[in-house]
Amino acid sequence: MPSSIPLVYHPAYSFPFPERHRFPMAKFGLLAEHLRRIGLLRPENSFRPGPCKPLWLEQTHCPDYLQRFISKAQSPRELRQMNLPWSEGLVKRTLIAPSGTVLAAQLALHTGLACHLAGGTHHAHYDYASGFCILNDLAIASKVLIRQSGVGRVLIFDCDVHQGDGTAALLADEPNAFTCSLHCDNNFPFDKQRSDLDVPLPDGMGDEDYLRVVMDTLEQVLTDFQPDIVLYDAGVDVYQGDPLGRLNISEAGIRERDRRVLSELLKRDIPVATVIGGGYDDDRHALARRHAIVVEEAAKLRG
């Protein structure tokens, strides 16, 4: 029987976008199509978020920055930093996606586990975009959980290949949020921020060493911080063939990472919401299947 794990998705996540752009905007729609095809995304377990509430956005990001983006009043420098062509479609999906991470987290608090089929925009800072990230859904969701949902402690466990620099900066003064980033050291962003725990990884690291570091780090943080919920960034740009990666992790290694992380959290009865994070393979269909791994492993554990 298919799992009834809650999956959060909105069709606006993919919209008409330059095909040859480095950011694979099509991957979100392709991911949803793949999950429908294999029976994991169905009407009864699909949840559609609405636009983010202004309060949620403004307690994390600069109101003037938000307004400049929404009204297409950015400076040339801001447009270069964003590195995404402005469009009404981009504005719409950008204002919905953080709400999807909030919704996934709230569902996880009720069910133990939920997956957002987007999210992980961890390079966005208070008043500027970076690394294809305009708003920081992980920071937004953390503050909503702590300030509006009464959650005590939120752990961001970020396994994207790039450091979660925006998340680290935005939550630096939030004692009830713990930012943990495991990332390739010799990679973007080259001006790193200080997370609560940074685990820099060497170029070319393979499955065995990587899995050991991931699990040792997770167990340490869970013991020390004792979170009430975990936001898990299951980035697949750690993959050995990812053009923006530099690690040497196989698809089997990614699957084992996600299985072990989710198993450990469920074993400890800690709610977990997953986001898909980075992945930049030019083969968009292969990339979508890779992003589906965390959902497939979540479904197996809940099956």
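Residues numbered from 1 in each chain as written. Predicted model: local features only at pLDDT ≥ 70, side-chain atom pairs only at ≥ 80, totals over all residues. Heavy atoms only, no water.

K.L.:
Would you mind going over the packing of aromatic side chains in detail, with residue names and values included?
P.N.:
A complete count under the given rule lists nine aromatic pairs for this structure. Between Phe-23 and Phe-132 the ring centres are 5.4 Å apart and the planes differ by 55°, which places this aromatic pair in the tilted class. Of the two residues, Phe-23 sits in the loop between strand 1 (7–8) and helix 1 (27–37) while Phe-132 sits in the loop between strand 3 (113–116) and helix 6 (137–147), which places them 109 residues apart along the sequence. Residue classification places Phe-23 among the buried positions, given a relative accessible area of 10%. Judged by centre distance (6.2 Å) and plane angle (35°), the ring pair of Phe-157 and Tyr-232 falls under tilted. Of this pair, Phe-157 sits in strand 4 (residues 154–158) while Tyr-232 sits in strand 7 (residues 229–233), placing them 75 residues apart in sequence. Taking the relative accessible area as the measure of exposure, Phe-157 reaches 0% and is therefore buried. An aromatic cluster of at least three residues, connected via ring pairs, comprises Tyr-9, Tyr-13, Phe-23, Phe-28, Phe-132 and Tyr-280. Above the face of the Tyr-280 ring, Lys-27 is positioned so that its terminal group lies 5.6 Å from the ring centre. (Phe/Tyr/Trp six-rings, centres within 6.5 Å; stacked < 30°, edge-to-face > 60°. Helix = DSSP H or I, 4+ residues; strand = E, 2+ residues; numbered from the N terminus. Buried < 20%, exposed > 50% of the residue type's maximum accessible area, 1.4 Å probe, protein only. Lys NZ or Arg CZ within 6 Å of the ring centre and 35° of its normal.)

K.L.:
An account of the sheet that holds strand 8 (residues 272–275) is requested, with residue identities and associated values reported.
P.N.:
Strand order in the open sheet formed by eight strands is 2-1-3-8-7-4-5-6, with parallel pairing between adjacent strands. Every interior strand has two partners, whereas the edge strands, strand 2 (46–47) and strand 6 (197–201), have only one. When strand 7 meets strand 8, the two strands line up parallel, connected through four bridges. Of the residues in strand 8, the one forming a bridge with Asp-233 is Val-275. Docked against the sheet, helix 5 (residues 88–111) engages strand 1, strand 2, strand 3, strand 7 and strand 8, running at close to 165° with respect to strand 3. Contacts between helix 10 (residues 284–302) and the sheet are confined to strand 1, strand 3, strand 7 and strand 8, with strand 3 contributing the most and set at about 160° to the helix. (Pairing = 2+ DSSP bridges. Contact = heavy atoms within 4.5 Å. Axes fitted to C-alpha atoms, helices over the stretch in contact; angles between N-to-C directions.)

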